[in-house]
Protein chains: 4
Amino acid sequence: MRTNKPKYHQIIEAAVRVIAKNGFHGSQVSKIAKEARVADGTIYLYFKNKEDILITMFKEKMGQFIEKIVEQTSKREYADEKLLTLIEMHFGQLSKDHDLAIVTQLELRQSNYDLRLEINNVLKPYLSVIDDILKEGIEQDIFRDDIKITLVRQMIFGTLDEIVTNWVMKECKYDLLEEIPLVHQLLLGGIEKIKK
Amino acid sequence: MRTNKPKYHQIIEAAVRVIAKNGFHGSQVSKIAKEARVADGTIYLYFKNKEDILITMFKEKMGQFIEKIVEQTSKREYADEKLLTLIEMHFGQLSKDHDLAIVTQLELRQSNYDLRLEINNVLKPYLSVIDDILKEGIEQDIFRDDIKITLVRQMIFGTLDEIVTNWVMKECKYDLLEEIPLVHQLLLGGIEKIKK
Amino acid sequence: MRTNKPKYHQIIEAAVRVIAKNGFHGSQVSKIAKEARVADGTIYLYFKNKEDILITMFKEKMGQFIEKIVEQTSKREYADEKLLTLIEMHFGQLSKDHDLAIVTQLELRQSNYDLRLEINNVLKPYLSVIDDILKEGIEQDIFRDDIKITLVRQMIFGTLDEIVTNWVMKECKYDLLEEIPLVHQLLLGGIEKIKK
Amino acid sequence: MRTNKPKYHQIIEAAVRVIAKNGFHGSQVSKIAKEARVADGTIYLYFKNKEDILITMFKEKMGQFIEKIVEQTSKREYADEKLLTLIEMHFGQLSKDHDLAIVTQLELRQSNYDLRLEINNVLKPYLSVIDDILKEGIEQDIFRDDIKITLVRQMIFGTLDEIVTNWVMKECKYDLLEEIPLVHQLLLGGIEKIKK
DNA sequence: AATGAATGAGCATTCATTCAT
DNA sequence: CATGAATGAATGCTCATTCAT
């Protein structure tokens, strides 16, 4: 199995570090190989080409990212709590791994159109998670039933993404986690049923 | 004055068309020169380098974009109306100019870190417009006074941006303008004073 | 003895098939190893390097090729008959083994200068056979005694080689053997004593 | 017109010298550029890619080579004289330009299959010249009318080519021109009408 | 003897920018 | 002002060969 091969993971971890440090366009294959302490050619035993490294890296990292979010949100009963957990996990995971945050929020977006399409595919499960929470919230009579799920999901993802990007561009100098309650409140505001 | 020189504008307009058609990485200086019907060298009489073309293009286009938003929002009295107008103008202008939408939402984001910092500078006035509307809303007792302006602005901009990007990636196949009322309602939801 | 080792021959036969199918530049060592059903490293237990495989293959194949020509020509008494037999054997053997014909006429010629020198060495015995037939023909008073043997040998070899190469490049679509009498007559024309 | 551009010819002449000196595989584009005293990139203003340099070089050189042969042979009345002139010109031109001889006889043959097909196309006019001489000879009652033209042409070209290649591989140490009368006699032998 | 994962040198090509005309 | 020919730095990928097992 691919995941048992140590060099495979060495290379992926090296790619994250190299891109976080040197930026997308400053990250030559040879630099990644050096950081991973393997020969340039070794890269090509595990990856088809440079793009494949990046996509695979994104898939692996986002896979784990999303998996943990699903895991934690599923422990919650109510949709509004699930949304809170989702925000906590989203911000929490990126807070803990600045390199990953830099790579996903800034560097990987400089990739070409094809790579970006792939990235969108990887993100789809995350968007589905949000959609599911919204549907559940409507069923649970927590969210209004006249919301347009696609739109609300774009609001939620766009908001979280913009907040994290701003935080990364400010070099992660403040505590992202402090924003959680306010963000939760803001996002709920537009979709919750009016409490009497 | 720079703007009186016809070639200057020829080049900028050519850049928008070339990038929208060929993508960021497929837009060589020589291609822009050809589209603008000038020689390659002529470009460098009007712009310092390739990055300068892109930044200038973005500044000019976003300048007009923001100017029109300021113009229209200032005609409104109340902050919630101003927010509606802002959304209308944001979506409306990009709806009318698909090339511009492609360039700002997809292609220009592939630029490097330095260019992205510049782009953020250009966007600052827009973000200020949003901030001002929010402050006004609080003063007018329309928005809650416990909102964190920075955060709300990130929500508003992140939401609008994400929605437009999704629309462009779906090849502008549906009508962006139809979303306006729902988006307005969603965004207001989190910030409005509770109506009794 | 080297030739008793089965893998040694497996590799050589695999090389002929792989080169005939994929061309000289499409024939990587790993491809030959795969076709021979051995590991890449195993190749190097039997051959010094890639060039050694090719030279050895050429030596083995040309050795058999020449051996059969010597065997058959020696059964003939007169030099003009020997020449006919030589042409028959030259065309006959390549007619029967298209892969070998492709490899010797087209692919192996793409090798570098050093390899080509080696190939010439391998060919020397064949050229000697031609020289011997010519000398014999002069002694037997069949060929004119003013011919320059080196030159005539170059004519004979050059002609046969060019004819076979043309046949291979036409994808062996016609019957090479039909040409034999005419070729024999042509070559004899320049060297035979005038019959009164 | 392309041929008025000096760099175009500089590059072609440089390519001949570089390949003659360093061999086909030792001739990097940068080496050719250096020899031609132009920048690497300039090569690509005049040639599509490396292969294009080689094909164009061969076309230009063989074009002149063949043109001169046609020019001189057409001055002769009888086919046997034409054949003599053809041999004189073939050997004469390569005798005068050792670099060209090395390139055409040794180095260019190391090229890949596609390039070799192109080379064959360039050679076609030369083969036609030989065919025409043969047809003329038959009409003039100088050559036998039962010869198979394709075959005789292959003999003539194969013989001349083999002789020149041998001469080049012996590092052009002897005088190729001395062979002309004997070669002429040899080739005529197989095709001439028997003189009573 | 046999394996096959790992190595790392080597090279064609693009394109932003310059500068002589 | 305008031109466009010329420049040259910069990099992803292949594949013959090795060597620890």
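For the structure itself, look to the data block above.
Counting restarts for each chain: residues are numbered from 1 in the order of the written sequence. Just so you know, chain letters begin at A and ligand numbers begin at 1, following the order they were written in. The model is predicted, so local features are restricted to residues of pLDDT at least 70 and side-chain atom pairs to those at 80 or more, both for listing and for counting; the totals for chains, interfaces and linings are taken over all residues. Calculated side-chain values reflect all of the structure's heavy atoms, with hydrogen atoms and water omitted.

**Student:** Teacher, can you tell me more about the arrangement of the chains here?
**Tutor:** The contact criterion used is simple: two residues touch if any of their non-hydrogen atoms lie within 4.5 Å. You won't find any contact between chain A and chain C; their C-alpha atoms come no closer than 14 Å. No interface is formed between chain B and chain C, the nearest pair of C-alpha atoms being 32 Å apart.

**Student:** Teacher, can you tell me more about the interface of chain A and chain B here?
**Tutor:** Interfaces are often described in size by the accessible area the parts lose on coming together. At the interface, 33 residues of chain A touch 34 residues of chain B. Summing both partners gives a buried area of about 3000 Å² for chain A against chain B, and 60% of it is carried by carbon and sulfur. Put simply, buried area is the surface a 1.4 Å probe can reach on two separate parts but cannot reach once they are joined, added for both. If you sort the residues of chain A by the area they bury against chain B, Leu151(A), Gln154(A) and Leu186(A) come out on top, with a joint share of 21%. For this document, the term salt bridge refers to a Lys or Arg side-chain nitrogen within 4 Å of an Asp or Glu carboxyl oxygen. Between Glu179(A) and Lys148(B) there is a salt bridge, and its shortest N-O distance comes to 3.1 Å. In the analysis that follows, any N or O atom pair within 3.5 Å is treated as a polar contact, provided that within protein one partner can donate a hydrogen and the other can accept it, and provided that, for residues neighboring in sequence, both atoms belong to side chains. Counting across the interface, chain A meets chain B through seven residue pairs in polar contact (both at pLDDT 80 or more). Elements supplying a minimum of two residues to the side of chain A that touches chain B: α6 (98-107), α7 (113-139), α8 (149-169) and α9 (180-189) of chain A. Every helix listed is a DSSP run of H or I at least four residues long, and every strand listed is a run of E at least two residues long, numbered separately from the N terminus. Looking at the side of chain A that touches chain B, the element that brings in the most residues is α8(A), giving 11 residues. Split into classes, the residues belonging to the side of chain A that touches chain B amount to 14 nonpolar, 13 polar and six charged. Polar here means any residue other than Ala, Val, Leu, Ile, Met, Phe, Trp, Tyr, Cys and Pro, which are nonpolar, and Asp, Glu, Lys and Arg, which are charged; Gly is therefore polar.

**Student:** Would you take a moment to explain the environment of Ala15(B) for this structure?
**Tutor:** Residues and elements named next belong to chain B. Mapped onto the fold, Ala-15 is located in helix α1 (residues 6-22). Think of it in three bands: residues with accessible area under 20% of the maximum for their type are buried, residues over 50% are exposed, and the middle band is partly exposed, with areas taken using a 1.4 Å probe on protein chains only. Of the residues examined, Ala-15 reaches a relative accessible area of 0% and is grouped as buried. Each C-alpha atom, one on Ala-15 and one on Glu-35, is 8.0 Å from the other, the two residues being 20 residues apart in sequence. Among all residues touching Ala-15, those that are not within four sequence positions of it are Ile-32, Ile-53 and Met-57.

**Student:** Looking at this structure, how should I read the relation of the copies chain A and chain B?
**Tutor:** For these two chains of identical sequence, chain A goes onto chain B by a turn of 179° and a shift of 0.1 Å along the axis, with RMSD 0.2 Å. Here the two chains are linked by the operation of a two-fold rotation axis. Closest approach to the rotation axis within chain A is made by the C-alpha atom of Gln110(A), at a distance of 1.8 Å. Mapped onto chain B, 100% of the interface residues of chain A again fall at the interface, so both copies present the same surface. We superpose the copies by least squares over the C-alpha atoms of residues that have a pLDDT of at least 70 in both of them.

**Student:** Can you help me understand the interface of chain C and chain D in this one?
**Tutor:** Each partner contributes to the interface: chain C provides 34 residues, whereas chain D provides 34 residues. Sorting the residues of chain C by area buried against chain D places Leu151(C), Gln154(C) and Leu186(C) first, and these three jointly supply 20% of that buried surface. The interface formed by chain C and chain D holds two salt bridges in total. Between chain C and chain D we count seven residue pairs in polar contact (both at pLDDT 80 or more) in total.

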